[in-house]
Amino acid sequence: MDEREILTRFKAGTLERDRAVRLLAGLKAVPGPPPEPVLPTAPDTAASGTTGPVPPGPTNPVTHGTTGPVTSKAPVAVAPEAHDRVSSPVPGPVRPRAQTPGQGPVPVPVPAPFSPADPSAALPQGLPQARRTDGGTDVEDRFAVVGIAGRYPLAPDLRTYWQNLREGRDTSSGAPLGRPGASLLSAGECGHFLDGAADFDADFFGLTDRRARLIDPQERLFLETVWEALEDAGCTGTRLDALTGPSGTPRGLGVFVGVSAADYSLVAAEAWARGGREMPESGHWSVAGRLSGLLGLSGPAQAVDTGESSALVAVHLAVGALRRGECAAAVAGGVELLLHPSRGRQGAGEGVGAVVLKPLARALSDGDHVHAVVRSTSAGTGSWTGSPGLRETRGTTACRVGDAGAVTGLAALTAAVLQLRYGVLAPARGEDTATPWPRPHDAQGHELPRTAVAEVTGTTGAFDAYAVLEEFVPARRPGDGAGNGRSEAGRADGAGTTGETDASGETDASGEGNGSAGVGRDELILLSAPTPGHLAATATRLADWLASDNGRSGDTTTGDERVALVDVARALRVGREARSCRIALLARDLPQLVNSLREFVSSWVDVGGVEGTAGTRAIGVGVDVGGVRYADLRTGGTDPLGLGDVPETGDYLGALWRAGRIEQLTRLWLSGLDIDWAALESGPDAGKTLVPLPPSAFLRRSLWLGGREGTQEGTEEKGASG
């Protein structure tokens with residue numbers, strides 16, 4: 001690596017300071033770049049069951065960016081110091097979002113001149129440093145899965161997907177009933193299908209029904225799934241804004257998606273022959289490009305079609321973009337829907353999945369929840385030659401979700417992540433029960449993280465890809481030291497409390513505003529959605545999740561502890577985007593929070609607050625509904641004082657937070673001022689890991705070309721991603 005590359009990787013969070021200093025010092029002692037290691041490749045024996053070499057030959061995956069198709073030559077292995085062999089993704093549209101109120105543009109760190117006497121002087125100062133999980137864990141050049149979501153046959157969310165994996169459930173069925181168009185299968189054939197493939201929540205994304213009908217259902221499904229993955233990562237709103245690209249542009253999130261099918265165009269062509277004149281916006285590029293545009297992202301946007309390996313190749317490209325510093329985080333995934341009988345076949349499968357990736361060092365510094373670690377990826381001819389504890393292949397995946405085309409690799413990767421998370425091996429073909437998966441040990445008896453590989457090989461000499469994963473074992477569990485990582489107003493460290501305040505901003509007699517170490521403090525809970533209907537559905541989902549066993553993490557690294565109220569409150573404030581319909585409340589414990597949310601929904605329905613799918617009724621700002629303060633900002637009244645337009649607002653909000661003026665902050669938020677809670681809670685004690693929570697509820701309805709709407713197979717998904 002040369003000096004420029006070292007600095008780029010350090011700023012991107014993929015290179016630790018000590019390692020960067022050593023490399024810079026080595027440049028002076030040993031001029032010239034070091035030789036690049038090449039990962040070995042081997043034939044795919046896992047999927048085919050055969051041995052022997054695979055004949056080499058050129059394989060060119062067709063990738064689609066927003067400016068046209070490009071090709072990537074194979075084999076390409078993403079390995080440390082070998083990333084310059086990865087073809088650059090085509091950058092997507094740059095649509096910077098308005099700056100967060102009270103903040104100016106994010107400055108780009110400028111490195112100091114290199115000094116041979118002090119190599120560390122060349123490193124930008126003030127950047128977050130990686131925290132090792134333990135004394136022996138290396139975070140350099142590894143990538144964290146910080147968000148994950150998906151829908152698979154008979155599994156509307158990943159919790160149900162894991163249940164199906166653990167139980168070895170057969171997800172095959174006949175052709176789906178209620179889906180528009182002719183039957184997808186012949187009599188006696190079975191496949192693996194999603195429910196509600198024609199359904200979409202246009203209101204959630206601000207789209208009209210007419211425009212939504214012209215978008216490929218694969219693209220719509222991927223859009224919803226990516227949003228769920230971003231919420232799982234706590235990476236919407238101001239935390240998404242904080243992801244800056246190479247030029248300092250906010251929302252530096254890359255999008256990489258594997259997609260192959262184009263059935264909706266066939267449906268449109270048949271409709272045209274019958275006199276219809278609606279044509280969908282075709283082209284796989286739009287699956288990544290439209291998502292980038294709707295969310296105002298400034299990172300690269302790219303679609304890739306390499307058959308069954310498409311989604312894993314997308315992961316490979318995302319890792320390469322992160323390593324090169326082209327984006328601060330990346331979404332990678334895949335989608336496959338069977339919408340036309342011409343592709344109907346025995347064993348056909350469907351699905352959609354997405355992961356949010358960050359450099360591991362950056363993820364740890366940001367306080368992200370890490371589902372698993374990506375150690376390496378490869379795309380080309382050949383399979384993984386190591387000895388992982390678990391191997392998920394195209395064959396194992398087909399048993400669970402069928403022949404799922406472009407999403408096969410993501411289904412395999414997700415299955416591997418879930419087994420790493422729970423420490424349980426899902427039953428293989430012919431087995432009935434899951435088995436515990438103990439961690440391996442080294443020669444000295446030290447416990448090692450579990451490892452897994454997800455790999456997909458093509459059926460007709462197509463592109464192969466794999467990703468090597470490792471279990472993430474944090475140094476301390478999220479539940480350890482409750483109160484040590486929380487932010488409480490009135491403390492000298494600059495965090496804020498959630499104690500009750502009167503109109504003057506003074507705290508109540510409990511003394512919580514003075515930072516007393518009391519037990520059972522009230523926590524500020526904020527929840528928002530685009531419409532009252534979405535808000536009620538999301539509040540119901542969260543209450544049901546907290547009241548059930550879903551409120552337990554199920555994660556072997558956390559001891560299956562029930563999520564804490566303080567963590568729920570912080571995740572909702574910091575990790576979720578503020579939408580037009582908002583509620584705010586104080587809760588002292590989880591049962592009180594559950595009751596308050598349910599009383600709000602019950603009272604809201606009793607007064608006729610939810611009218612139709614969109615919930616169009618508005619009742620003003622700061623109204624009390626069932627003991628919960630509610631505001632509907634769709635009809636005006638957003639930030640009436642214009643505080644978001646002045647630069648001094650950031651300092652003003654910070655002063656309110658430090659003084660414990662939670663009442664005033666709550667009123668400002670309900671009035672429409674978008675508050676950067678992550679910035680307010682960034683004091684010395686704000687290192688607590690964000691916990692994943694159930695995603696916002698979608699209110700889906702069937703939207704099909706020509707207004708032909710099938711039976712609603714499900715208007716709201718009732719599970720939680722992950």
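This text follows the structure it describes.
(A) Spatial organisation of the environment of Glu599. Within the secondary structure, Glu599 is located in helix H15 (residues 590-606). Expressed as a C-alpha distance, the spacing of Glu599 and Gly627, which sit 28 residues apart in the sequence, is 7.6 Å.

(B) A look at the pairing of strand E15 (residues 464-470). Burial analysis of E15 places 7 of its 7 residues in the buried class, the great majority of the element. Burial along E15 is two-sided: Asp464, Tyr466, Val468 and Glu470 facing one way and Ala465, Ala467 and Leu469 facing the other are all buried. The pairing of strand E10 (residues 372-380) with E15 spans 7 bridges and is classified as antiparallel. For Ser376, the partnering residue across the bridge sits in E15 and is Val468.

(C) Highlighting the packing of aromatic side chains. Under the criterion given, the structure shown has 10 aromatic pairs. Between Phe200 and Phe205, the aromatic rings sit 5.9 Å apart at their centres with planes inclined by 5°, giving stacked as the arrangement. Measuring from ring centre to ring centre gives 5.9 Å for Phe204 and Trp227, while their planes differ by 70°; the resulting arrangement is edge-to-face. Remark: Trp227 occurs in helix H5 (residues 217-232) and Phe204 occurs in the loop between strand E5 (199-200) and helix H4 (209-213); sequence separation between them is 23 residues. Accessibility expressed as a relative area gives 4% for Phe204, which makes it buried. Overall, the relative accessible area of 6% leaves Trp227 in the buried class. Each residue in the set Phe200, Phe204, Phe205, Trp227 and Phe698 is aromatic and connected to the rest through ring pairs, giving one cluster. The ring centre of Trp437 lies 5.9 Å from the NZ or CZ of Arg450, which sits over that ring. Cation over ring: Arg579 sits above Phe204, and NZ or CZ is 4.8 Å from the ring centre.

(D) Examining the side chain of Glu455 more closely. For Glu455, the position within the fold is in strand E14 (residues 451-456). Taking the relative accessible area as the measure of exposure, Glu455 reaches 2% and is therefore buried. Within the structure, Glu455 has its side chain in polar contact with the side chain of Arg391 (distance 2.5 Å).

(E) Layout of the packing of H5 against helix H8 (residues 285-294). Close contact between H5 and H8 brings their axes to 10 Å; oriented N to C, the two are set at 50°. Taken together, H5 and H8 sit at an angle that is classed as oblique. The chirality of how H5 crosses H8 is right-handed. Between H5, through Glu219, Phe222, Leu223 and Val226, and H8, the contact on the second element is made entirely by Ser286, Val287, Arg290, Leu291 and Leu294. Looking at the contact of H5 with H8, its residues break down into 6 nonpolar, 1 polar and 2 charged.

(F) Fine view of the sheet that holds strand E18 (residues 623-625). Here we have 4 strands laid out as an open sheet, ordered E16-E17-E19-E18, and antiparallel in their pairing. The open sheet has two free edges, formed respectively by strand E16 (523-529) and E18, since each of these has just one partner strand. Along the sheet, successive strands turn relative to each other by an average axial angle of 30°, direction set aside. With 4 bridges connecting them, strand E17 (residues 581-587) and strand E19 (residues 628-632) associate as antiparallel partners. Looking across to E19, one finds that Ile583 is bridged to Tyr630. This element, helix H13 (residues 532-547), spans E16, E17 and E19 of the sheet and lies at about 135° to E16. Helix H17 (residues 662-670) rests against E16, E17 and E19 of the sheet, and its axis sits at about 160° to E17.

(G) Representation of the pattern of salt bridges. In the structure shown here, the tally under the stated rule is 31 salt bridges. Put simply, Asp368 and Lys358 hold a salt bridge, and the shortest N to O gap is 2.8 Å. Highlighted residues: Asp368 in the loop between helix H10 (360-366) and E10 and Lys358 in strand E9 (residues 351-359), separated in sequence by 10 residues. Take Asp368: its relative accessible area is 4%, and that puts it in the buried class.

Conventions adopted
Residues numbered from 1 in each chain as written. Predicted model: local features only at pLDDT ≥ 70, side-chain atom pairs only at ≥ 80, totals over all residues. Heavy atoms only, no water. Helix = DSSP H or I, 4+ residues; strand = E, 2+ residues; numbered from the N terminus. Buried < 20%, exposed > 50% of the residue type's maximum accessible area, 1.4 Å probe, protein only. Pairing = 2+ DSSP bridges. Phe/Tyr/Trp six-rings, centres within 6.5 Å; stacked < 30°, edge-to-face > 60°. Lys NZ or Arg CZ within 6 Å of the ring centre and 35° of its normal. Polar contact = N/O pair within 3.5 Å; in protein donor to acceptor, adjacent residues only side chain to side chain. Axes fitted to C-alpha atoms, helices over the stretch in contact; angles between N-to-C directions. Parallel < 35°, antiparallel > 145°, perpendicular 65-115°, else oblique. Left-handed = near helix turned anticlockwise from the far one by under 90°. Contact = heavy atoms within 4.5 Å. Nonpolar A, V, L, I, M, F, W, Y, C, P; charged D, E, K, R; others polar. Salt bridge = Lys/Arg side-chain N within 4 Å of Asp/Glu carboxyl O.

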